[in-house]
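A look at the structure
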Amino acid sequence: MIVPENSTQVYYIEVHIEAGAYKNFTDLIDNLILDVNSSATVQNFSITTECNSLITGKVNCRCNSGYSWSEDVCQNYSECCNQNDCMFDIPNPRAMCLSNNKVLVNGSFTLADLPFTSSLAESGSQEYNAFVKQYTTWLQQVYSTLRWFDSLKITRLRQGSIIADFVMTVTDPFTSAELENTTNRLQKDYNASFNLIVTGLVKITRIPQFQDPIPYNNETSIICSTPEVLGQPLWSFQQNAQPSQDITNGTEAIVTYDLKNSTVNIKSTTEVWKGTFTCDYMSEQSKSIIYRASLYLDIALLPEALIISDPQFPICTGPNKQFYIKVQCIVPNTTEYYTVKWTGKKITQDNPVSQGNGQIAYQAYEGIFCDEKLEGHNVSCEFQNRLNQTKKFSLYVPIINEDSIICKSELDWPDAKADFNATKLCDSTAVGLQMRYCMSNGTWGNLISFCVNQAISQLLNVAMNLQRGLGIVEKQANTVFVQLKLSTNDKSFGSFANVNASVGVLESMRDASNIQNSKWNDTAFPDVVKSLSNLLNGSLNDSWRPVGNEGNYTLALKYLRAVDGIINQTNFATATNQFRQDNVQVKIYNKSDPSTQKTFSSEFGVSVSITETVSNVSVQTAFKNLGSKLPNTLDGKETVPSEIILLVKADNKTKISAEYNQQRLPNHEMYCVYLNENNSTWSENGCKWGGVSKPKLCTCDHLSSFTILMSKDPINLTYMEELTYAGLGLSIFSLALCLVIEFLVWNAVVKTNIAHFRHTVLVNITVCLLIAHCSFLAAPVPSASPPYWCLPLTVMKHFCFLAAFFWMLSLSLGLLHQVIFVFVHLRKKVYLGLCLFLGYICPLVIVIVTFITYDNGRPGSYYSGETCWLIYEAALKGSIHAFLFPVFIIVFVNMFTMVVVISRILKPTLSEGSSHDEKEVARSIVKTIVLLTPTLGITWILGLFVLMLDLTTKPYAQIVNYAFTFFNSFQGFFILLTGCFGEKKVRDALQKRFGRQQSMNYKSESSSRITGTKTK
């Protein structure tokens, strides 16, 4: 048996003394030491309670400084508990004050070597009593060595080997070393393990100290102080019967430490912080000993209320002209007592009613008197708490009168007055409101739902509490993300309110982790990826923007920033380096792990390669179905977004290259962009597009969220449209003039079969081009023209342009025949028949076949309703090729003819070698090219380069396009110059015709003068 050394015991005695001897008695006991025997002394006498008998038979007792009423007094005389003086009956042994420095130890010890029997569970059994007596004695013998030891009692035995709970009271503080040493002795001697919670050694106070309750939305501090250095405490908070939560730094809580003090500063005292604050210091020598202090923070709350009326729109069109409507202010059902004041025109307050869902409705009745012809009533409820703080909620109740425009009731929506919102509470599975606007014309607007599923709402509250500082992110991350995964996979999830709340959970988790400066383990990351993927499901595409606000990209931007932060706050330590879900795929590159690769190929059609890095770890994330939810403009230019977004994160600077499977339309610019966090817009800084040769490649010299955008419209060449219309206008005038000239000089110049052939072809080319150009100008803006014009104009342009080129081919073949077969002349009927066949029958057949092939001329198949012209879809695809192939074949044949003609001109030069002749030949060649190029349509060869050169290939494509437009829009003007005025016979015929006319006019004028002279 252990023999205790310096054991102590506290005794409480009651002394009755005359009032006159009280001073002598207190002086006597101040330094009194009594020797009981050789082994014990009695000392440290203290007066805790003073009582005076009254003539009424009562006793008035008072606690001395440093003492307060015992628990017995507080339980039986609650009015005395918070004051020093108390009135008692005689006799009353409970009238006793205890030291404010009393220390209470709640502990348990486990005896692993002893089996637990059923009789030990019965508190009245012999075995139970024997065990309690034995171990109480042993514990008292050791713990009584603590100074001011008072009592120790075993309260319960539990199973788990044998676990005994006990309570020990010490009336004055001791050092932590004393308690730890005595506990270690017991553990060693009895082979037992102890767990102790010590209260009273650590003191807890509040600032302001004497204000109870604390005002709503105020600032307060809770301070824990220790008599010695015990390290840093763990702060926790418990509200009602809910599990306790750790307290750390957050948006509303700040935890600070020094050697002997720790403070929690609450910036805003709301319903979140009404509860019990606890600080736990853990012994560094013995982890099983906790020094604890607790304080209940009482806050005078003010509620958040929803004010509604029933009915929402009182109707004054019926026979009942006087009635009452019910107005309710619905608030959370808490223990807070409110005084509610109602205001209205004629309002009567009623008793509050429980809603049965954790809410209570304060209600009143407002009188409606239709004869007053009012448009509506203003009502309000004002809540006042225990500290007279107030909060007011107002409602305007519109009244439907005889002349009111209304929206008729529809489903669960009642009759509503125009220009007002009708509201409806969500069903029991969700929180929030539904709203529908009644427009001024009496039609219902779209349903706008603010209903958030209960599970998502609760999860958002948890995440927001973590952000406030209530809870440790690292401990709760796994639970939060598992619940988010399940909630976002729910069938009833599809609404903007739910998506918005889910993104709010992600944001709060990111912010809380940043504030706490702690990361969660990557074991939670699979659930994160699944949750992120669920939010991007195609079924939720319409849930990312508020109803009626399709241009709002805020939620998608928040989502992307939240993901960025969550990746930063994840501690990637496991061997898993890939996470794949339907809409989100993640690849982790670890420089120290040879099994990971720098290249990441996503199934979404994007691959990324780290080209240069000093990072140890990088995380590449690909998102599907996200691009359309983000901004689609770049520097004010509208673009076609890629559905794939790439997010690359690393711990150091990294250069990347990415390939997107984005289909690029011809002549559309591509932009490799990243998301600028400062202004939430796309930016090209630091990113470069691979160009036409590598249209899917992007390279960037920094990290961020990346994508590739395509311009919505093709590159617009400045003044191209003006140049086209100016050229066509001049060409139409020139072609019409050409026909007039041909009419005037036909008999004079058409003397031979060759001349007849040439001018017949020229006239037909001119007629075809004139009609084609007029058809082109007939619909400069197709959308402004009648819809039935577009098809006839397209067919006319298709036929006339083809006919013009086939007549050019006829001219080319005739010229070729003349050059090669010098002495063989075609008969007039033969070449006219061939020309008519080539010039009109061939293009007609091509147009008819094309028309039938492309769905009988269906819009979008044969022609475009936007341009009134044939369609180009891709290489060798589209109706435009029924025009391009014949035209380019004809142009190449015509070029061959020109080459043959030029070679014929060169032959004399090769044989004679005369310098004079060479100059003449050169002039002849130039003259041939100038005269034949417009008429044979040689300039249309530039169209081949227009098709081959994308407009993004600057500046060559721009030069070719301007040249093509200039030469071919002015082709009619050039035909006038070369085909009409370029032929000497035509010029002579015109000069002869107009010269003779002038001569005849001169002769007539001279005759008149001579006649006049003779008359005189």
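Because the structure is a prediction, the values reported are computed rather than measured.

About the cut-offs
Residues numbered from 1 in each chain as written. Predicted model: local features only at pLDDT ≥ 70, side-chain atom pairs only at ≥ 80, totals over all residues. Heavy atoms only, no water. Helix = DSSP H or I, 4+ residues; strand = E, 2+ residues; numbered from the N terminus. Rg over C-alpha atoms; globule rule 2.2 N^0.38 Å. Contact = heavy atoms within 4.5 Å. Polar contact = N/O pair within 3.5 Å; in protein donor to acceptor, adjacent residues only side chain to side chain. Expected span 1.5 Å × (residues − 1). Buried < 20%, exposed > 50% of the residue type's maximum accessible area, 1.4 Å probe, protein only. Disulfide = S-S within 2.5 Å. Pairing = 2+ DSSP bridges. Axes fitted to C-alpha atoms, helices over the stretch in contact; angles between N-to-C directions. Core = buried A, V, L, I, M, F, W, Y, C linked by side-chain atoms within 4.5 Å. pLDDT = per-residue confidence, 0-100. Parallel < 35°, antiparallel > 145°, perpendicular 65-115°, else oblique. Left-handed = near helix turned anticlockwise from the far one by under 90°. Nonpolar A, V, L, I, M, F, W, Y, C, P; charged D, E, K, R; others polar. Salt bridge = Lys/Arg side-chain N within 4 Å of Asp/Glu carboxyl O. Patch = residues over 30% accessible without salt bridge, like charges linked within 9 Å, V, L, I, M, F, W, Y side chains within 5 Å. Areas by Shrake-Rupley, 256 points an atom, 1.4 Å probe, with all protein chains shown as cover. Phe/Tyr/Trp six-rings, centres within 6.5 Å; stacked < 30°, edge-to-face > 60°. Lys NZ or Arg CZ within 6 Å of the ring centre and 35° of its normal.

1. What to know about the overall build of the protein
Helix and strand counts for the protein come out as 19 helices and 52 strands. Against the compact-globule benchmark of 31 Å for 1016 residues, the protein has a radius of gyration of 50 Å, which places it well outside the compact range. The C-alpha extent of the protein, read off along each of the three principal axes, is 175 × 85 × 60 Å. In the protein, 66% of the contacts between residues at least 6 apart in sequence involve partners at least 24 apart.

2. Regarding the environment of glutamine 620
With respect to the element layout, glutamine 620 can be found in strand S41 (residues 617-623). Sequence separation between glutamine 620 and isoleucine 567 is 53 residues, and the spatial gap between their C-alpha atoms is 9.8 Å.

3. Some thoughts on the side chain of aspartate 246
Structurally, aspartate 246 is set in strand S15 (residues 245-246). Among the polar contacts listed, one links the side chain of aspartate 246 to the side chain of lysine 475, at a separation of 2.7 Å. Other than its neighbours up to four places away in sequence, aspartate 246 contacts Leu234, Trp235, Ser236, Gly469, Leu470, Gly471, Ile472 and Lys475.

4. Regarding helix H3 (residues 126-143)
Taking 1.5 Å as the rise per residue, H3 with 18 residues should run 26 Å; its terminal C-alpha atoms sit 25 Å apart, in good agreement. Among the residues of H3, those classed as buried are Tyr128, Phe131, Val132, Tyr135, Thr136, Trp138, Leu139, Gln141, Val142 and Tyr143.

5. A look at the state of the cysteines
As enumerated under the stated definition, the model contains 11 disulfides in all. Paired through a disulfide, cysteine 224 and cysteine 279 show a sulfur-sulfur distance of 1.8 Å. Measuring the twist about the S-S bond at about -85 degrees, one finds the cysteine 224-cysteine 279 disulfide to be left-handed. One end of the pair, cysteine 224, is in strand S13 (residues 220-225); the other, cysteine 279, is in strand S18 (residues 275-282), and 55 residues separate them in sequence. With respect to class, cysteine 224 is no different from cysteine 279; both count as buried. Each sulfur in the disulfide pair cysteine 672 and cysteine 698 lies 1.8 Å from the other. Classification of the bridge connecting cysteine 672 and cysteine 698 rests on its S-S torsion, roughly -80 degrees, and on that basis the disulfide is left-handed.

6. Some thoughts on the sheet that holds strand S12 (residues 203-207)
Strand pairing within a sheet occurs via backbone hydrogen bonds; the two strands may be parallel or antiparallel. A sheet is described by the order of its strands in space; here four strands give the open sequence S12-S13-S17-S16, paired in antiparallel fashion. Only two strands of the sheet have a single neighbouring strand rather than two, namely S12 and strand S16 (253-257). The average angle at which neighbouring strand axes cross in this sheet is 15 degrees, direction not considered. Inspection of the sheet shows S12 paired to S13 by five bridges, in the antiparallel sense. For isoleucine 204, the partnering residue across the bridge sits in S13 and is cysteine 224.

7. Structural notes on helix H13 (residues 828-853)
If you check H13, its first and last C-alpha atoms are 37 Å apart, about what 26 residues at 1.5 Å a residue would give, namely 38 Å. With its phi angle positive at about 55 degrees, aspartate 855 sits one or two positions after the end of H13.

8. Observations concerning the nonpolar core
Ranked by internal contacts, the top residues of the largest apolar core, which has 82 residues, are Phe109, Tyr143, Leu179, Trp235 and Phe383. Per element, the largest residue contribution to this core is eight residues, and it comes from H3. Ignoring any residue separated from it by four or fewer positions in sequence, one finds leucine 179 in contact with Tyr143, Leu146, Met168, Phe174, Leu196, Val198, Ile289 and Tyr291.

9. Focus on the environment of valine 847
With respect to the helices and strands, the residue valine 847 is situated in helix H13. In this structure, the C-alpha to C-alpha distance between valine 847 and phenylalanine 799, residues 48 residues apart in sequence, is 6.3 Å. In this structure valine 847 touches Val795, His798, Phe799, Leu802 and Tyr862, once residues within four positions along its chain are discounted.

10. Examining the confidence of the model for the protein
Overall, the predicted model of the protein reaches an average pLDDT of 86, with 93% of residues at or above 70. Counting contacts from residues 909-916, a segment whose pLDDT is below 50, to residues more than four positions away or on other chains yields six contacts. Contacts of residues 1002-1016 to residues separated by more than four positions or lying in other chains number zero contacts, the stretch itself having pLDDT below 50.

11. Quick notes on unusual backbone geometry
In this structure, proline 208 follows isoleucine 207 across a cis peptide bond, with omega equal to 0 degrees. The residue proline 208 is located in the loop between S12 and S13 in this model. The linkage connecting lysine 954 with the following residue, proline 955, adopts the cis geometry, with an omega of 0 degrees. Positive phi values are uncommon outside glycine, yet leucine 411 reaches one of about 55 degrees. Position of leucine 411 among the secondary structure elements: in the loop between strand S28 (406-407) and strand S29 (416-417). Phi is positive for serine 680, which is not a glycine, with a value near 55 degrees. Within the secondary structure layout, serine 680 lies in the loop between strand S46 (670-676) and strand S47 (681-683).

12. Comments concerning the packing of helix H10 (residues 720-749) against helix H17 (residues 956-969)
In the contact formed by H10 and H17, the axes pass within 8 Å of each other and the chain directions differ by 20 degrees. As the angle between them shows, H10 and H17 are arranged roughly parallel. For the element pair H10 and H17, the recorded crossing hand is right-handed. Together, Met720, Leu723, Thr724, Gly727, Leu728 and Ser731 of H10 and Asn961, Tyr962, Thr965, Phe966 and Ser969 of H17 make up the contact between the two elements. Residue classes in the contact of H10 with H17 are distributed as five nonpolar, six polar and no charged.

13. Focus: the packing of helix H11 (residues 753-778) against helix H12 (residues 790-820)
One can describe the packing of H11 onto H12 by two numbers: an axis separation of 8 Å at closest approach and a directional angle of 160 degrees. In terms of their interaxial angle, H11 and H12 are classed as roughly antiparallel. In this structure, the crossing between H11 and H12 has a hand that is left-handed. Split into classes, the residues belonging to the contact of H11 with H12 amount to 19 nonpolar, six polar and one charged.

14. Considerations on the pattern of salt bridges
Tallied over the full model, the rule gives 27 salt bridges. For arginine 292, the salt bridge goes to aspartate 280, with nearest N and O atoms at 2.7 Å. Linking arginine 292 in strand S19 (residues 289-297) with aspartate 280 in strand S18, this pair joins segments that are 12 residues apart in sequence. Residues participating in the shared-partner salt-bridge network are Lys274, Asp298, Glu336 and Arg386.

15. A word on a nonpolar patch on the surface
Together, Tyr11, Ile13, Val15 and Ile17 line one region of the surface with nonpolar side chains, adding up to about 460 Å² of accessible area. Mapped onto the secondary structure, valine 15 falls in the segment before helix H1 (22-30).

16. Some words on the sheet that holds strand S4 (residues 59-63)
The three strands are arranged S3-S4-S6 in an open sheet whose pairing can be described as antiparallel. Here the strands that pair on one side only, and so sit at the sheet edges, are strand S3 (49-53) and strand S6 (85-88). Along the sheet, successive strands turn relative to each other by an average axial angle of 25 degrees, direction set aside. Here S4 runs beside S6; their pairing, made up of four bridges, is antiparallel. Its bridge partner lying in S6, valine 59 is registered against phenylalanine 88.

17. Notes on the packing of aromatic side chains
On inspection of all chains with the given rule, the structure shows 40 aromatic pairs. Considering the side-chain rings of tryptophan 869 and phenylalanine 883, the 5.4 Å spacing of their centres and the 75 degrees angle between planes classify their relative orientation as edge-to-face. Taken as a pair, tryptophan 869 in strand S52 (residues 869-870) and phenylalanine 883 in helix H14 (residues 881-912) lie far apart in primary sequence, 14 residues in all. For lysine 346, the ring lying beneath its charged end belongs to phenylalanine 369, and the centroid distance is 3.6 Å.

18. Focus on the pairing of strand S45 (residues 654-660)
For S45, the tally of buried residues reaches five of seven residues, placing the bulk of the element in the interior. Relative to strand S49 (residues 697-700), S45 runs antiparallel, the two sharing four bridges. Following the sheet pairing, glutamate 659 is matched in S49 by leucine 697.

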